[in-house]
Amino acid sequence: MASEGPSPETIELLERLIGFPTVSRDSNLQLIEFVRAYLDEHAIASTLTHNDERTKANLHAVIGPSDVPGVMLSGHTDVVPVDGQDWSSDPFSMRRAAGACYGRGTADMKGFIACVLAMAPHAVGRELTRPIHIALSYDEEIGCIGVRRMIDVLEHAPVRPAFCIVGEPTEMAVAIAHKGKTGALGICHGVSAHSALAPTGLNAIYLAGELIAAIRAMQDELIAAGGHDPAYAVPYTSLHVGVIAGGTQLNIVPNRCTFEFEIRNIAKDAPGEIMARVRAQADKIVERHRGEFPDCRIDIEVFNEYPGLDTSPEDEVVAFVKSLANANDHIKVAFGTEGGLFQQRLGVPTVVCGPGSMEQGHKPDEFITEEQLGRCDRFLAALVDRLSG
Ligand SMILES: [Zn+2]
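First things first, this report covers the structure right here in the doc. Residue numbering note: each chain is counted from 1, following its sequence as written. Reporting in this predicted model follows two pLDDT cut-offs: at least 70 for local features of residues, and 80 or more for side-chain atom pairs to be given and counted; totals over whole chains, interfaces and linings ignore these cut-offs and use all residues.

### Looking at the environment of Asp377
To keep it simple, the criterion reads: Labels follow the DSSP assignment, with helices taken as runs of H or I lasting at least four residues and strands as runs of E lasting at least two, numbered in each case from the N terminus. With C-beta atoms placed from the backbone, a residue is labelled by how many other C-beta atoms lie within 10 Å of its own: buried for 20 or more, exposed for 12 or fewer, partly exposed between the two.
Tracing the backbone through its elements, the reader meets Asp377 in helix H9 (residues 370-387). Classification of Asp377 as buried rests on a count of 23 C-beta atoms within 10 Å. Separated by 194 residues in sequence, Asp377 and Gly183 have C-alpha atoms that sit 36 Å apart.

Structural data, given as structure tokens:
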């Protein structure tokens, strides 16, 4: 198929969006106000839901009739930081070269948002019989935080969308599933002592070491006896420890050690059950030491979790989006999205399909090809056709 480029509007909008440095730790309000004003110009009303500090907002807009189910297009406005990355040019000033657009967020995922915004005026000009929802969130990159507030509102809407398309970069492949994720902090409390008298204390680093060894053994069990899903590169639920901190200097037995770990579960394994097993292991370790050290303790705090996405290949949304994308197959993706929350909390059948590749996401010199943006433009034009008349 001959590759056709994106519309000039898509490129222009992407350039504007990249110019807002919406790193998750900073405000996204300038971008949201820009989008709101743009939609307003085209007579599309939008509703914002803010964070407590009112420094960030989600935006929800509906094009077409709001009393019948339609299709929700979902994207996050925040991007990951560029700290410590070696960029060839300003990451927040879009650069075009050799058929690609460079900048932080071009692939993940302002490219999709630019295509959606470029499509909006065309959708307004048509008599849609079923609506298009635009759902833009904040704080996705730090654990799908912001979108939950929008979902709180959508939960009470009289009519929910029939389908949701999350436009994370899949190179316009139709993804029906991804793993869920639970992030947790283990806090080990031991008893300090002078290291010359080390055995009279309880070394918190040793407590952490014991629990980490137990977590590794659980990983082996999950590989041997847990669920398997060959559609994933890592076809089973994985456990991982990513950060550890404990001790102040060598001649002190440390009384505190913390570590962060995560569970990335396939649909067949319940993360709550796995977390319960980690807690049981922690209790066993503490039990062994409690006689001698009554204050010994291991606390486990879940600091973030989002559900996996698991849409049946037979679901109507899959055939619908495949037809728009001219795709015959579907895939499962390694990265997480807000899709699991839409599916779990709103019961909206959801797939992930968007331009660009996650190969470029989160990296220096992130880019999206114009060919991918053009494909997304045509995908959305096909959506407008399907929902009108
Ligand atoms: Zn993303």
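Having seen it, we continue.
### Notes on the packing of helix H1 (residues 8-18) against helix H3 (residues 106-125)
Packed helix pairs are characterised by how far apart their axes lie and by the angle those axes make with each other. Test applied: Orientation is described by axes fitted as lines to C-alpha atoms, over the contacting stretch for helices, and by angles from 0 to 180 degrees between their N-to-C directions. Roughly parallel here means an angle under 35 degrees, roughly antiparallel means over 145, roughly perpendicular means 65 to 115, and every remaining angle is called oblique. Crossing handedness follows the turn of the near helix against the far one: under a right angle anticlockwise gives a left-handed crossing, and clockwise gives a right-handed one. Contacts here follow a simple rule: the backbone-placed C-beta atoms of the two residues must lie within 7 Å. Throughout this entry, Asp, Glu, Lys and Arg are counted as charged residues, while Ala, Val, Leu, Ile, Met, Phe, Trp, Tyr, Cys and Pro are counted as nonpolar. The remaining residues, Gly among them, count as polar.
Contact geometry of H1 with H3 gives a least axis separation of 8 Å together with a crossing angle of 130 degrees. Taken together, the axis directions place H1 and H3 in an arrangement best described as oblique. For the crossing formed where H1 meets H3, the hand is right-handed. Facing Glu9, Thr10, Leu13, Leu14, Leu17 and Ile18 of H1, the residues of H3 in contact are Thr106, Lys110, Gly111, Ile113, Ala114, Cys115, Leu117 and Ala118. Classifying every residue of the contact of H1 with H3 gives nine nonpolar, three polar and two charged.

### Looking at the pairing of strand E7 (residues 163-166)
Inclusion rule: At least two bridges found by DSSP between two strands are what make those strands a pair.
Residues of E7 alternate between two faces, with Phe163 and Ile165 on one and Cys164 and Val166 on the opposite face, all of them buried. Here strand E3 (residues 71-76) runs beside E7; their pairing, made up of four bridges, is parallel. Residue pairing for E7: Ser74 is matched across the bridge by Val166. Two strands pair when backbone bridges link them, and E7 and strand E17 (residues 350-352) are joined in this way by three bridges, in the parallel orientation.

### Details of the sheet that holds strand E14 (residues 297-306)
Read across the open sheet, the four strands follow the order E11-E13-E9-E14; overall the sheet is antiparallel. The open sheet has two edge strands, strand E11 (238-246) and E14, and neither has a second partner. Pairs of neighbouring strands in the sheet enclose a mean axial angle of 20 degrees, with direction left out of account. The pairing of strand E9 (residues 180-189) with strand E13 (residues 256-265) spans 10 bridges and is classified as antiparallel. Bridge pairing links His189 to Arg256 in E13.

### Digging into the sheet that holds strand E5 (residues 100-102)
Two strands in a sheet stick together by hydrogen bonds in their backbones, pointing the same way (parallel) or opposite ways (antiparallel). Here we have three strands laid out as an open sheet, ordered E4-E5-E18, and antiparallel in their pairing. A single partner strand is all that each edge strand has here, and the edge strands are strand E4 (95-97) and strand E18 (367-369). Ignoring strand direction, the axes of neighbouring strands in this sheet form an average angle of 25 degrees. Pairing between E4 and E5: three bridges, direction antiparallel. What sits directly across from Arg95, in E5, is Tyr102. Sheet contacts for H3: E5 and E18; angle to E18, the most-contacted strand, approximately 50 degrees. Here H9 sits on the sheet in contact with E5 and E18, set at roughly 65 degrees to E18.

### Some remarks on helix H2 (residues 29-41)
Using the following cut-off: What a helix is expected to span follows from its residue count: subtract one and scale by 1.5 Å. Here the arc refers to the set of directions running from the helix axis out to each C-beta atom.
Over its 13 residues, H2 runs 18 Å from end to end, which matches the ideal 18 Å to within 8%, given 1.5 Å per residue. Looking at H2, one finds that the buried residues are Leu31, Ile32, Val35, Arg36 and Leu39. For H2, the arc enclosing every buried residue in end-on projection is 135 degrees, short of the 170-degree limit, so these residues lie on one face. Opposite its buried face, H2 presents the exposed residues Ala37, Asp40 and Glu41, each directed more than 90 degrees away. Along its buried surface, H2 packs onto H1, strand E1 (46-50), strand E2 (57-63), H3 and strand E6 (132-137).

### Quick look at unusual backbone geometry
The linkage connecting Asp108 with the following residue, Met109, adopts the cis geometry, with an omega of -10 degrees. Mapped onto the fold, Met109 is located in helix H3. One non-glycine residue, Cys144, lies in the positive phi region at around 50 degrees. When you line up the elements, Cys144 lands in the loop between E6 and helix H4 (147-154). One non-glycine residue, Asp365, adopts positive backbone phi at about 55 degrees. Position of Asp365 relative to the elements: it lies in the loop between E17 and E18.

### Focus: the nonpolar core
Note the following rule: What we call a nonpolar core is a set of buried Ala, Val, Leu, Ile, Met, Phe, Trp, Tyr and Cys residues whose membership is set by joining through C-beta atoms within 7 Å.
Cys115, Val116, Ile165, Val321, Val351 and Cys353 are the most contacted members of the largest nonpolar core, which has 74 residues in total. The greatest single-element share of this core, amounting to 12 residues, is contributed by H3. Ignoring sequence-local partners within four residues, the contact set of Cys115 consists of Thr10, Pro355, Leu373, Cys376, Asp377 and Leu380. Ranked by size, the runner-up nonpolar core spans 15 residues in total, among them Leu207, Cys257, Phe259 and Ile298.

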